[in-house]
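Inside the fold
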Amino acid sequence: MNNNIILIGFMGSGKTTIGKQLSQKMERTIVDTDSLIEEKQGRVISEIFAAEGEDYFRQLETECLQGLLSEKNSRIIATGGGLPMREENRSLLKQLGTVIYL
């Protein structure tokens, strides 16, 4: 298992805010899955939803987690609010490290 700390919770629960604070306190890099997806896609989440639909976006989240799993860094990972909805994602999260629900 990796040594990441993964923050999950509803939209607006403070995942990114608390993640940044943990990042500074623990001297770890913070990664936000929504930001990674937006960067890779070259568009914001709302545009992805509008153009491709939710199923497509949820698949992008799974692919993002798989990519993070291949990296062996100790990071703080803040997820999108709906990311844990998929069973496959919950399994990947457990493999990535310690999951904390906010």
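Look a little higher up for the structure.
Strand order in the open sheet formed by four strands is 2-3-1-4, and the pairing between neighbours is parallel. Across the chains shown, the open sheet's two edge strands, defined by having one partner strand only, are strand 2 (29–32) and strand 4 (97–101). In this sheet, adjacent strand axes meet at a mean angle of 20° when their direction is disregarded. Inspection of the sheet shows strand 1 (residues 4–8) paired to strand 3 (residues 75–78) by three bridges, in the parallel sense. Directly across from Leu7, in strand 3, lies its bridge partner Ala78.

Our next topic: helix 5 (residues 87–96). Three or four residues apart is the spacing at which side chains of an α-helix point the same way, because the helix has 3.6 residues per turn. Along helix 5, the positions that sit buried rather than exposed are Asn89, Leu92, Leu93 and Leu96. On an axial view of helix 5, the arc spanned by its buried residues comes to 105°, and they lie on one face. Residues of helix 5 that are exposed and point over 90 degrees away from its buried face: Glu87 and Lys94. Of the surrounding secondary structure, the elements contacted by the buried residues of helix 5 are strand 1, helix 4 (54–69), strand 3 and strand 4.

A regular strand carries its side chains on alternate faces of the sheet. Counting buried residues in strand 1 gives five out of five residues, a clear majority hidden from the surface. Of the two faces of strand 1, both are covered, the one formed by Asn4, Ile6 and Ile8 as well as the one formed by Ile5 and Leu7. Note that strand 1 and strand 4 share five bridges and pair parallel. Note on strand 4: the bridge partner recorded for Leu7 is Ile100.

Moving on to the pattern of salt bridges. Taken as a whole and judged by the stated rule, the model has five salt bridges. Two residues, Glu54 and Arg58, come together in a salt bridge whose shortest N-O distance is 3.2 Å. On the criterion of helical spacing, the pair formed by Glu54 and Arg58 is a turn pair, its members being four residues apart in helix 4. Salt bridges sharing partners connect three or more residues here, namely Glu54, Arg58 and Glu61.

So, how was this worked out
- Residues numbered from 1 in each chain as written.
- Predicted model: local features only at pLDDT ≥ 70, side-chain atom pairs only at ≥ 80, totals over all residues.
- Heavy atoms only, no water.
- Pairing = 2+ DSSP bridges.
- Helix = DSSP H or I, 4+ residues; strand = E, 2+ residues; numbered from the N terminus.
- Axes fitted to C-alpha atoms, helices over the stretch in contact; angles between N-to-C directions.
- Buried < 20%, exposed > 50% of the residue type's maximum accessible area, 1.4 Å probe, protein only.
- Arc of directions from axis to C-beta.
- Contact = heavy atoms within 4.5 Å.
- Salt bridge = Lys/Arg side-chain N within 4 Å of Asp/Glu carboxyl O.

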